[in-house]
Amino acid sequence: MMDNNASTTTTTTTTTTTTSGGGGSSSQPKRPYSRRARVLLVGSGRMGQIRAKAIYSNPRFELIGIVDSNVDAAMKLAEMYRTRHFPDITMAVLEMNTTLFGISADRLIDGVIISTPTSTHTSLIHEAASNGLHIFIEKPVDEIANKIRFAYAIAKKHKVQLCCGFQRRFDPSYRALYQQVHTLKAIGTPLSATIFFGDHPVPSRSFLLAGCGNIISDCSAHDIDFIRWILQDEVVSVYATGMSSDEELKEKKVIDNATMVMKFGKAGTVVTLTLSRGATYGYDQRCEIFGTHGLVSITNPSETCTHLANGTGVHSPKLQHSFPQRFELAFVNELDAFADTLLLGTLWPITEKDCVAVQNVCDCALESCESGEVVRIV
Ligand SMILES: NC(=O)c1ccc[n+]([C@@H]2O[C@H](COP(=O)([O-])OP(=O)(O)OC[C@H]3O[C@@H](n4cnc5c(N)ncnc54)[C@H](O)[C@@H]3O)[C@@H](O)[C@H]2O)c1
C-alpha cells in the first residue's frame, strides 16, 4: 500500500473510512486483505493494456471485465486476461446484477478504471458515478477547466471518489524528490528548477502534420502537476514560446518544441519546463531543483546497467524506449493506491484543485505562446 505523503515506509493495517459509494461505506475498521476490489476496465488501447496488466498482476484486484465501444478490441483484451467484455459500463453493471440475482450492483463492482480518449471522460464519469462506482481516470480529467469541475461535482453528488492518474506522484524517484525537497528540506529553499520532457518515439509525420493535439496540452501536464506538488506552491505567471523543427512543420504552424517559464507565488521559485516531441535517443525525462542549500536531480534509467569502457570512450546503453517502460512501476503503484481507495476508503492524493490548477497553467501557457506575452494566473 502506498503512503500518499511520500514517506518511505508504511504498514497500514486498518483504517476507518468516511467515504461512501461503490466501495461501500462503513464506520467499522476495514481489514485490507479481507476481499478483493472488483473493477471494470474501460478502454483497451495503449493505456488500457498497461492498466489491464497492472490490475491482473495485483492480488488485491479482481478484473470483472473489459468495456470498450470497439467490441473486437474489448474481446481481444478480455481473452488475454481471462475475463468478460461489455459494450458499456451500464450493461456490465446490469449483467453482473442479473448474473448474481438479488445482490445489489454496487456490491458487485467497486470501481472503474477509465482509459479512453480524453473527450469521452466526462460522459463516462457520469455513467460510472450514477452506477455508484468509484472512478480512476487517466489524466487529464478534461482539457477544459469547467468540465473538470463538472466531473468532480458529479462524483460528489453520487458520493464516489474521482481519482486522476498523475503518475509521477507514484514513481519512486519523484517520491524521493518530494521527500528531499519538501519533507527533509535537504536543499533549503528551492530557488529554481529545470525540467526536460523529451518524448520518444517521435510521433508519426501524419500525426504531426494533421496538427493533432498541441505539445503544451499533450506533454506538460504531468510535470506541472509534480512540480506544484513538490514545491507545495502555485504558478502565478507563465511565459511560453516554441518552434518548429523543420520547414514543413513551420509552414503548417506545428510547434514540436516548446519552453515554459513558470513563476511560483509563495517563494518566487522559477521553473523552466522544456518539451520536445522528438528525443531521438530514447525517452528523456529529467529534473533538477536548485536551492539555498544544494541541488537535487532525477536522471534517466537506461535499458540496461551495462556500460562499456574501451579505447574509444565510455559507452552507456540507450535510454528506455518510452513512458510504459519508464513509468512501469509508477503505474503499478498508482493502481495499488486505487485499491486502497476501494478497499479502505483512502482519500486520493490528487484533488479537483490540483487538476484545475494544472489545466489553468496549460491554458495560460498556450495563450502566452500565441500572444508572446507573460500571462498572469489568477
Ligand atoms: N498517464 C499517462 O502517462 C498517459 C499516457 C498516455 C495516455 N494517457 C491518457 O489515457 C487516455 C487514453 O489514451 P490511449 O492512448 O490509451 O488511447 P487509445 O486511443 O490508445 O485507446 C482508447 C480506447 O478507448 C476506446 N473507447 C473510445 N471511446 C470509448 C467509449 N466511449 N467507451 C468505451 N471505450 C471507448 C477505444 O476503442 C480504444 O480502444 C487519454 O486520456 C490519455 O490522455 C495517459
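Listed in UniProt under the heading Sequence similarities (unreviewed entry), the comment for the protein reads: "Belongs to the Gfo/Idh/MocA family."

S.K.: Before we go on, may I ask you to explain the pairing of strand S10 (residues 235–243) in this structure?
M.R.: Each regular strand shows side chains that alternate between the opposite faces of the sheet. Two elements, S10 and strand S11 (residues 257–264), share eight bridges in a ladder whose sense is antiparallel. Bridging from a neighbouring strand, Gly242 pairs with Ala258 of S11. Sheet topology note: the S10/strand S17 (residues 375–376) ladder contains two bridges and is antiparallel. Paired with Val238 across the strands is Val375, a residue of S17.

S.K.: Can you walk me through the site of the ligand in this structure?
M.R.: The full set close to the ligand counts 22 residues, and Gly43, Gly45, Arg46, Met47 and Glu138 are the nearest of them. No other element matches the three residues that helix H1 (residues 46–56) contributes to the shell around the ligand. Here the residues of the shell around the ligand sort into six nonpolar, 12 polar and four charged.

S.K.: I tried to follow the sheet that holds strand S4 (residues 61–67) on my own but got confused; where do I start?
M.R.: Sheet strands pair via backbone hydrogen bonds, and the direction of the pair is either parallel or antiparallel. The six strands lie next to each other as S5-S4-S3-S6-S7-S8, forming an open sheet whose pairing is parallel. Of all strands in the sheet, those with a lone pairing partner are strand S5 (84–86) and strand S8 (162–165), marking the two edges. Between one strand axis and the next, the sheet turns by 25 degrees as a mean value, whatever way the strands run. Pairing geometry for strand S6 (residues 111–114) and strand S7 (residues 134–138), over four bridges, is parallel. Bridged to Ile113 within S7 is Phe136. Its contacts with the sheet place helix H5 (residues 121–130) against strand S3 (37–42), S6, S7 and S8, and it is angled at close to 165 degrees to S7.

S.K.: Sorry if this is basic, but what is going on with helix H14 (residues 352–371) here?
M.R.: Residues spaced three or four apart along an α-helix point in a common direction, a consequence of the helix completing one turn every 3.6 residues. Taking 1.5 Å of rise per residue, 20 residues should cover 28 Å, and H14 covers 28 Å from first to last C-alpha, within 8% of that figure. Every buried residue of H14 is accounted for by Cys355, Val358, Gln359, Val361, Cys362, Cys364, Ala365, Leu366, Ser368 and Cys369.

S.K.: Looking at this structure, I do not really get the sheet that holds S11. What am I missing?
M.R.: Reading across the sheet, the seven strands line up as S14-S13-S9-S12-S11-S10-S17 and stay open at both edges, with mixed pairing between neighbours. Among the strands making up the open sheet, the edge pair consists of strand S14 (294–298) and S17. Running at roughly 165 degrees to S14, helix H7 (residues 172–183) makes contact with strand S9 (190–198), strand S13 (284–291) and S14 of the sheet.

Conventions used here
Residues numbered from 1 in each chain as written. Predicted model: local features only at pLDDT ≥ 70, side-chain atom pairs only at ≥ 80, totals over all residues. UniProt positions renumbered as here; feature names shortened; annotations may be inferred. Pairing = 2+ DSSP bridges. Helix = DSSP H or I, 4+ residues; strand = E, 2+ residues; numbered from the N terminus. Near = placed C-beta within 6 Å. Nonpolar A, V, L, I, M, F, W, Y, C, P; charged D, E, K, R; others polar. Axes fitted to C-alpha atoms, helices over the stretch in contact; angles between N-to-C directions. Contact = placed C-beta atoms within 7 Å. Expected span 1.5 Å × (residues − 1). Buried ≥ 20, exposed ≤ 12 C-beta atoms within 10 Å, placed from the backbone.

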